[in-house]
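Coordinate inspection notes
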Amino acid sequence: MKFDNIIIGGGLSGLTCGIKLAELGKKCAIVSSGQSAIHFFSGSLDLLGKVNGEEVSNPLESIKTLADNHPYQRVGIDNMTRLADEVPQFLDRAGLKFSGNANQNHFVLTPMGVMKPTWLTIEDFTRFETKDSFPWKKALIINFSGFLDFHTLFIKDGLKKLDVTTQIKNVSMKQFEAIRKNPSEMRSTNIAKVFDNGDALDEFAQKANDLSEGFDVVILPAVFGLLNKQIVSEIKAKILKPLVLLPAVPPSVPGIRSQILLRKRFQALGGTYFLGDNVEEGFFENNRLVAIATNNHGDIKLKADQFILASGSFYSKGIVATRDKVYEPIFGLDVNGETNGSEWKDEKFFNDQPYMHFGVKTDSQFHAMINGEPVENLFVAGSVLGGANALKEGSGAGISLLTSLHVAEQILK
Amino acid sequence: MKKEIFEPFNVSDNNFEQCVKCTICTVYCPVLEVNPDYPGPKQSGPDGERLRLKDASFYDEALKLCLNCKRCEVACPHGVKIGDIIQLARIKYSKKKPKVRDMILANTDIVGTMASTFAPIVNPIVALKPVRRIMDSVLKIDHHRIFPKYAGLRFESWYRRYAEKKQNDFKKHVSYFHGCYVNYNFPQLGKDLIKIMNACGYGVHLLEKEKCCGVALISNGLIKQATKQALHNVEAFKKSIVDKNMPVISTSSTCIFTIRDEYPHLLGIKNDEIRDESELATRFLYRLIDSGKLKLVFKKNYKKRIAYHTPCHMEKLGWSIYSTSLLRMIPGVDFMALESLCCGIAGTYGFKKENYETSQGVGKPLFEQIESSKADFVATDCETCKWQIEMSTSLKVQHPISILAEALDVEATMKLWNA
Ligand SMILES: Cc1cc2nc3c(=O)[nH]c(=O)nc-3n(C[C@H](O)[C@H](O)[C@H](O)COP(=O)(O)OP(=O)(O)OC[C@H]3O[C@@H](n4cnc5c(N)ncnc54)[C@H](O)[C@@H]3O)c2cc1C
Ligand code: SF4
Ligand code: SF4
C-alpha cells in the first residue's frame, strides 16, 4: 500500500504533519495505535512558560537562551517566528479557534486556581493579560452534584489570593441522575454528552442565572460541546453574567473535540487515518526506510517516500524505559539517555528530571539516526524528540506543532 | 542500539494491568452514550476484572449490554483488550441461562436450514404483523424487526448444482467460507464473489463442510456449542490452507473476525496455522492488485454515488481500506466515507425486545448521516449492518463484492487473467 508520506502517531504532532502535507496535495496516511495526549489537553497550547524556573513573558525572545540541542533551537528562531504566526490560521481551518501571541504570553486560570502563562487558548476559555488581578470581585463557582473531577476548593483558595470572594454551589438535575447512578461515570465527557443531546442546557442556564444573583461572574467546569461545538457559544449566551469555564480533570471536553476536528480535517483533505493499529517494524535499504509493517495489515506493507515518527513520549510508548535502558521500540533508533540508570533521576522530585529530556536523537534537519547515521527519509517530530523537558518548561504543544510544521516543510522542499 | 520488542509484563491472562485509568475508552463506547444502565468499558472491563478476581459475586449481569463492538479497544492508548475482558467475564461468571429465544437467534444455521427449506411459507409468515406481535410477546423478539428473507435454493446447493464443476478449469484456487447469511438469506453475494474470482483466474471451492462461525452462539452464552463448531472449522480451514495450499476467503467481516480473533481470545482455540491465510475477499483482491499481479477492468457506464459504512469489526480489523480502495477504483463511482460509528444491531443483540431502544439509539447518528448523504446506496461488509440500515433508513445496502461484480467488465478482465 503506497502513500507519499506515512506518519506514525496520530496525536497533535502526527495530525499537524498530516494536515500540512495534505493541504499541499500529498497523499498521506497516519497510523496510530490508540488515542493521544490531546485527550488530556488543558485548553491552552504552551510555547514556552518557564526558563530556569523564571516565568517567560516573550517566548520567542526567551527561546534564544535555550540549549543548542533543544528542538526549538534546531528549528531556528526565524522559522519559529514564521511558523508560530501561522498556527492560529492553521487550526482555524480545522474549525478550532485559538487566540494568543508568540511574542507575549497571556495567562489562564488553572483548575488549581493559579494563573499560568501560555501561548494560545481555545475560545472556550478566558484569557487574562496579567497574573495578579482578576477582573471580577464576587465569583460564584457552580459544580454538578456528584461530579468529583472539579476541585472547587482549590479554585476558591486560588481566587482568595487575588482578592476575590467566592461561593460554591452545587446543581443537581434529573437529566444527570442516570449517569450519577454510577459514580465512576460522572465524568466531564458524559455530562457534555447530555448537554450535546438535549434540553438540559436551558434548564441548567436558568438555575445558574437564579443562583448568580448578586455575583459578578460565574465559574463552571468545561463540560460543554463535546461533539457539538455550538453548545459552548449557547451556554455563554444563556448565562447572563460573564462566564469563566475552567478545565476539569481529564479526559478533557475541548481536548477531545480538538482531536476529532483535527482528524476530520485530515480526512477531509483525503488523508487516511488508521486508528487502533500498531506499527511493528521497519524495512530499510541504503539508509532509507522503504516500508513499515503493522499489526492489522500484516504482510501488506505500507510504503512511502518519506516517513515521520510522531509516536509521543513515555506516556504513549514512543519511548520506553526499562530499569537499565531507554529505547525507541519500533526501529531501535538512537536516543539520548542511554546513560547509566542511576543518573536519570534527580532525588528532588520537582527538580528538572534528566529522564524528561530523553527522546529520539536527530540531526539538524530532524532526520532519525541509527548508529550515528541519519536515515534519509525518516523524520522525527513532537514529544518523541529528545532535548526538552516539556512539562517543566511549559513547551509541550509548541514543540509538537512547530517541529511538525518544520518537518513538513523539509519534506515539501 | 539494537531493536527491542516491547513486551509489557502481565500477571493475568488478559492484560487488564495495562490500564492506566485514563477513561478514554468510555468516551467512545456507543452503549454508554444511550443506556445509563450499562457500566461502560472501563468499569466492566479492567476495573471490574480486578474485583471479580477477588470475588466472583462482583460480576454484574449488566455486562450483557456490551455490544462487543470493540470500539473501546480501538481507542485505548494502552492496548487493553477491554472487549475481550468483558466477553470472557460473561462466559466465566454469568449465571443467566440462555432463553429459547436466544437459542433460536443464535443457531443461525439450524434455523436457516429449516427456514430456507420452507422459504415460500416462512418468509410471508414471519413478515406478517400478527406473527411479529406474537414473536414479540412470546419470544421477546422486537416486533419492529423484520427477519431477513430466506432464499429458496441455498447457496451450497446452487454451488453444487451449477458452479462446482467449472472451478477445476482454473490454474489458481481459493476456498470460500460463505457463512450462514450467504447460504440461507442471500446466495447472490456468493455468486457475485465467484463471478469476480473466476474473472481473475481463480477457481472457488467450498470447505469440507463449513459450520456457522459461532459468533451468535458466543454472544448468547452457548459456549460449548460454539467451541465445538470452532474446532470443526479450524480443522476444515487446515485442510484447505495447510494440506491443499488454498487460502480461505470470506465476504463476511464478522465471520472472519470471529475465526481469526475470537476463537483464540474467547474460546481459547489455537488458530496459528490458519490465521494469516483466512481473510476477507476484498483484502485478498487488494493484495493482488497492490503487488501488480492483478488488474480489474470496469464497465464504462457504471455511475453511482456510494456511501461506505465501516462495521465495528472492520474498524477493529482495520481493513475497511481494502474494500473502500477497491470501490474507489471503479471509474464511475462517486465515493464518500461515512464517519465510522456503530449501527447498533450487533448481530442478534438488536433483535431482542429489551435491547431495541438501545440499539436504535446507538444507530441514530449513523442513520442521520446516511439520510443526508445523497448517496444512491450504502456499501458495507457486514450482513447485520445491512439489515439494520435497511430497517432504519430509506437507503438500500450493497456489499462491496456485489458492487464490484456489477461494475466489472467480466470479459475484459477474463482476457487479462485467463490466458
Ligand atoms: C497528560 C498530558 C497532558 C498534556 N497537556 C498539555 C496541555 O494542556 N498543553 C500543552 O501545551 N501540552 C500538553 N501536554 C504535552 C503534550 O506532550 C503535547 O502537547 C502533545 O499533545 C504531544 O503530542 P504528540 O503527537 O507528540 O504525542 P502523543 O499525543 O503522545 O501521540 C502519540 C501517538 O502515537 C501513537 N503511537 C505510539 N507508538 C506507536 C506505534 N508503534 N504505532 C502506531 N502508533 C503509535 C500513540 O498511540 C499516540 O496516539 C500534555 C501531555 C500529557 C502526557
Ligand atoms: S482507555 Fe485503556 S487505559 Fe484508558 S481507562 Fe480505558 S482500558 Fe484503561
Ligand atoms: S465492546 Fe463496544 S459496547 Fe462493549 S464496552 Fe467496548 S465500546 Fe462499549
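Residues numbered from 1 in each chain as written. Chains lettered and ligands numbered in written order. Predicted model: local features only at pLDDT ≥ 70, side-chain atom pairs only at ≥ 80, totals over all residues. Heavy atoms only, no water.

Quick notes on the pattern of salt bridges
Residue and element names in this part refer to chain A.
- Enumeration according to the criterion identifies 34 salt bridges over all chains in this entry.
- Here Lys 64 makes a salt bridge to Glu 61, at a shortest N to O gap of 3.3 Å.
- Where Arg 257 meets Asp 124, a salt bridge forms, and the shortest distance between an N and an O atom there is 2.7 Å. Here the residue Arg 257 occupies a position in helix H10 (residues 253-268), and Asp 124 occupies one in the loop between strand S9 (120-122) and strand S10 (138-144), the gap between them amounting to 133 residues. Like Asp 124, Arg 257 is buried. (Salt bridge = Lys/Arg side-chain N within 4 Å of Asp/Glu carboxyl O. Helix = DSSP H or I, 4+ residues; strand = E, 2+ residues; numbered from the N terminus. Buried < 20%, exposed > 50% of the residue type's maximum accessible area, 1.4 Å probe, protein only.)

Concerning the sheet that holds strand S1 (residues 172-177) of chain B
Residue and element names in this part refer to chain B.
- Strands sit in the order S2-S1-S3-S4 across an open sheet of four strands; the sheet is parallel. With partners counted over all chains shown, the strands left at the sheet margins are strand S2 (202-206) and strand S4 (278-280), one partner each. Each strand axis lies, on average, 40 degrees off the axis of its neighbour in the sheet, ignoring direction.
- Alignment of strand S3 (residues 248-250) against S4, held across three bridges, turns out to be parallel. Across the sheet, Ser 250 pairs through a bridge with Leu 280, a residue of S4.
- Those strands touched by helix H15 (residues 253-266) are S1, S3 and S4, and its axis lies near 155 degrees from that of S4.
- Helix H17 (residues 281-290) contacts S1, S2, S3 and S4 of the sheet and is inclined by roughly 90 degrees relative to S4. (Pairing = 2+ DSSP bridges. Axes fitted to C-alpha atoms, helices over the stretch in contact; angles between N-to-C directions. Contact = heavy atoms within 4.5 Å.)

Some details on the domain arrangement of chain B
Residue and element names in this part refer to chain B.
- Once the domains are mapped, chain B shows domain 1 (13-93) and domain 2 (304-407).
- A separation of 26 Å is found between the C-alpha centroids of domain 1 and domain 2.
- Between domain 1 and domain 2, the contact holds 14 residues from the first and 16 residues from the second.
- Linking Lys 316 and Glu 73 is a salt bridge whose minimum nitrogen-to-oxygen distance equals 3.1 Å.
- At the surface where domain 1 touches domain 2, the tally comes to six residue pairs in polar contact (both at pLDDT 80 or more).
- For the side of domain 1 that touches domain 2, the elements supplying multiple residues, two or more each, are helix H2 (30-34) and helix H4 (71-75).
- Split by residue class, the side of domain 1 that touches domain 2 holds eight nonpolar, two polar and four charged. (Domains from an automatic or database assignment. Polar contact = N/O pair within 3.5 Å; in protein donor to acceptor, adjacent residues only side chain to side chain. Nonpolar A, V, L, I, M, F, W, Y, C, P; charged D, E, K, R; others polar.)

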